Number of protein chains: 2
Amino acid sequence: MKWSMIATWKMSYDGVNKGVCLLKDKKSAKDAVLEAIHAVEENEAFHSVGYSGLPNEQGVVQCDAGFMDGKTLQAGAVGALEGVIHAVDVAYECSKGRFNNVLVGEGANEFAASLGMKKENLLTKESYERYLERKKENQPLSSYDGHDTVGMVVLDQQGHLVSATSTSGLFMKKRGRVGDSPLIGSGFYCDDEAGGAAATGVGEEIMRGCLSYETVRRMKEGMSAQEAASSVVFEWTERMIAKKGYCDAISLICMNPSGEIGVGTNIKFAYVAADSDSNTEIYVALPKGKEVVIRKYDSKIDDLD
Amino acid sequence: MKWSMIATWKMSYDGVNKGVCLLKDKKSAKDAVLEAIHAVEENEAFHSVGYSGLPNEQGVVQCDAGFMDGKTLQAGAVGALEGVIHAVDVAYECSKGRFNNVLVGEGANEFAASLGMKKENLLTKESYERYLERKKENQPLSSYDGHDTVGMVVLDQQGHLVSATSTSGLFMKKRGRVGDSPLIGSGFYCDDEAGGAAATGVGEEIMRGCLSYETVRRMKEGMSAQEAASSVVFEWTERMIAKKGYCDAISLICMNPSGEIGVGTNIKFAYVAADSDSNTEIYVALPKGKEVVIRKYDSKIDDLD
């Protein structure tokens, strides 16, 4: 049976390869997505997710994550979670119950502790130094800086889809700020009957359009995955520009129930994809009018994370 | 010019009357909705919103609120906010910026304090006694108990729409649990070009369907407000029952850009409506097959909050 995987940003490459091994072995989309996101969360080199994430304006790393199971439509999320490397695991655990599917702040920390998750210091020396530098510069929050959410959509050989996200959010955000990543329908959405989606970019721009839900909905109506993702990002970008003169960065990945993928973006955006017919590969997507131009990543000309 | 207002539950009656005065006076939908929700948040008799709200399992009142402006599509929300009576004001303030539109936990408390909002004890003697009783009973969380969000949609004489929500959430929830009320697209959504919506019921059931967004979207596609709200709730209820054997309580109110209202519900549900042609009135909506039967509230036969 076909399996397929798509993930935001180049940093997902190693994780996707781990997920791919599980999918080939007929493991579930859930197992693959958690394993793949763990690899990103653990990696000290990536400053927008988990360990070594860039902190908020008070110097504290607060993470957001979301998880949705396309078979059951059970969804879970955590916001402003502190000291837990695998925020996506907490989101997954939240998705299991009938109630309390979204937990934030101290309550999310408590829940993670009740699951036996170790409390750790996520702020590395390098991230802290970047924080001190930024404080010295005393610049306002910029629209595209250190908010690269890892988002993934996975189809397993059993025909089930899962979407998940994990991020340390916007660098220098206010304490308690959550972006789109833990918001069901904005940062992620998944439905076996329609498809799955996940978003990255400026959460505040994504959430007011419920862009992941809208992308999945368009696939349900019969649009191809590529058409759904690119039309959603293109239309929302146009609308925001008409409304307020600009649109912050938005990138969306999606997959339909057949494992076909789609990408929408209003910036230069890298993603990783693999399926039963193609090896893991990094691609670059570029908006061009109402279209998205896609090509393989080339380290000689691309400097994307 | 026409103005119109719809609000969840009987408890909204006094607040709606206050909002109506402002709308008649050509004040904005934002002013009307905040004034109206304040009245519910302040009222000690209502245990599901603001002051005297029922606490979480640790005996702490944590409130959620959302606000969305249909003209600008700016949205704001707070989750697990403590000690602030007018949670909806904090959500509104969050909606103003380019970033940090959703704040949770300690960060939300800090932001409210930075706005000069007084920190107060929201837990009343009566709410605390109900908490102690419930703890003694040692019962599991039930599906429909003390989670009556106040949600409102308002059209002003300038032709602008606003949606907003405020709630203390599910009685005996886990610390940090947020329901649909502060989730854009789930608990509330608003777009001058399409309409506005707000939800009440079990947040966990509402959020995985993005039901407020979907209702607004259907109005944009040309459905009447009543058709949009009732079809969304009916279809989601059917889907949840097919998926897991039951569907928790969901009620939705909405309004199109002409001020026409709609109500969808899978339980007996009371709401308050008023517009430039009709006085403030409490109505009762009942699901009957795929339809919603609506009649005026009658205190002799109805015992709804």
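The structure presented is a predicted model; accordingly, all values stated were derived computationally and were not measured. (Residues numbered from 1 in each chain as written. Chains lettered and ligands numbered in written order. Predicted model: local features only at pLDDT ≥ 70, side-chain atom pairs only at ≥ 80, totals over all residues. Heavy atoms only, no water.)

1. Considering the packing of helix α2 (residues 29–42) of chain B against helix α3 (residues 87–94) of chain B
Residue and element names in this part refer to chain B.
- As a packed pair, α2 and α3 sit with axes 9 Å apart at the nearest point and diverge in direction by 150 degrees. For the element pair α2 / α3, the angle class is roughly antiparallel. Counted together, Lys 30, Leu 34, Ile 37, His 38 and Glu 41 of α2 and Ala 87, Val 88, Asp 89 and Tyr 92 of α3 form the full contact between these two elements.
- Looking at side-chain class alone, the contact of α2 with α3 contains five nonpolar, one polar and three charged residues. (Axes fitted to C-alpha atoms, helices over the stretch in contact; angles between N-to-C directions. Helix = DSSP H or I, 4+ residues; strand = E, 2+ residues; numbered from the N terminus. Parallel < 35°, antiparallel > 145°, perpendicular 65-115°, else oblique. Contact = heavy atoms within 4.5 Å. Nonpolar A, V, L, I, M, F, W, Y, C, P; charged D, E, K, R; others polar.)

2. Quick notes on helix α5 (residues 125–137) of chain B
Residues and elements named next belong to chain B.
- Helix length check: α5 (13 residues) gives 18 Å between terminal C-alpha atoms against 18 Å at 1.5 Å per residue, within 8%.
- Burial in α5 covers these residues: Ser 127, Tyr 131 and Arg 134. The buried residues of α5 all sit within an arc of 65 degrees when viewed along its axis, so they share a single face. Exposed residues pointing more than 90 degrees away from the buried face of α5 are listed as Lys 125 and Lys 136.
- Positive phi appears at Asn 138, one or two residues downstream of α5, with a value of about 55 degrees. (Expected span 1.5 Å × (residues − 1). Buried < 20%, exposed > 50% of the residue type's maximum accessible area, 1.4 Å probe, protein only. Arc of directions from axis to C-beta.)

3. Here's the deal with the sheet that holds strand β7 (residues 188–191) of chain B
Residue and element names in this part refer to chain B.
- The antiparallel open sheet is built from four strands, whose spatial order is β7-β8-β9-β10. For this open sheet the edge positions go to β7 and β10 (261–265), each flanked by a neighbour on one side alone. Direction aside, the axes of adjacent strands within the sheet are offset by 10 degrees on average.
- Here β7 pairs with strand β8 (residues 195–201) via four bridges, running antiparallel. In the strand pairing of β8, Asp 191 is matched with Gly 195.
- Its contacts with the sheet place helix α8 (residues 225–244) against β9 (250–255) and β10, and it is angled at close to 15 degrees to β10. (Pairing = 2+ DSSP bridges.)

4. A closer look at the confidence of the model for chain A
- Mean pLDDT over chain A stands at 96; residues scoring 70 or higher make up 97%.
- In the model output, the complex is listed with pTM 0.98 alongside ipTM 0.97. (pLDDT = per-residue confidence, 0-100.)

5. Points about the relation of the copies chain A and chain B
- Least-squares fitting of chain A to chain B yields an RMSD of 0.0 Å, with the superposition described by an axial translation of 0.0 Å and a rotation of 180 degrees. With respect to symmetry, the two chain copies, as superposed, fit the operation of a two-fold axis. Judged by C-alpha distance, Gly 105 of chain A is the residue of chain A that lies nearest the rotation axis, at 2.5 Å.
- Of the residues that chain A buries at the interface, 100% are likewise interface residues in chain B, meaning the two copies contact each other through the same surface. (Least-squares fit on C-alpha atoms with pLDDT ≥ 70 in both.)

6. Points about the side chain of Ser 48 of chain A
- Along the chain, the position of Ser 48 of chain A falls in the loop between α2 (29–42) and β2 (63–69).
- Polar side-chain contacts of Ser 48 of chain A include one of 2.8 Å to the backbone oxygen of Asp 148 of chain A. (Polar contact = N/O pair within 3.5 Å; in protein donor to acceptor, adjacent residues only side chain to side chain.)

7. Considerations on the state of the cysteines
- Scanning the model with the defined rule gives zero disulfides over all chains in all.
- The cysteine Cys 63 of chain A is free of any disulfide, with Cys 94 of chain A supplying the nearest cysteine sulfur at 14 Å. (Disulfide = S-S within 2.5 Å.)

8. A word on the pairing of strand β3 (residues 75–81) of chain B
Residue and element names in this part refer to chain B.
- Counting buried positions over the seven residues of β3 gives seven, a clear majority of the element.
- Two elements, strand β2 (residues 63–69) and β3, share five bridges in a ladder whose sense is antiparallel. From the neighbouring strand, Cys 63 faces β3, where its bridge partner is Leu 81.
- What sits between the antiparallel neighbours β2 and β3 is a turn of five residues, in which Leu 73 has the positive phi angle 60 degrees.
- Relative to strand β4 (residues 102–104), β3 runs parallel, the two being bridged by three bridges. When the bridges of β4 are listed, Val 78 appears paired with Leu 103.
- Where the polypeptide runs from β3 across α3 and back to β4, its parallel neighbour, the crossover connection is left-handed. (Right-handed = clockwise from strand over helix to strand, strands pointing away.)

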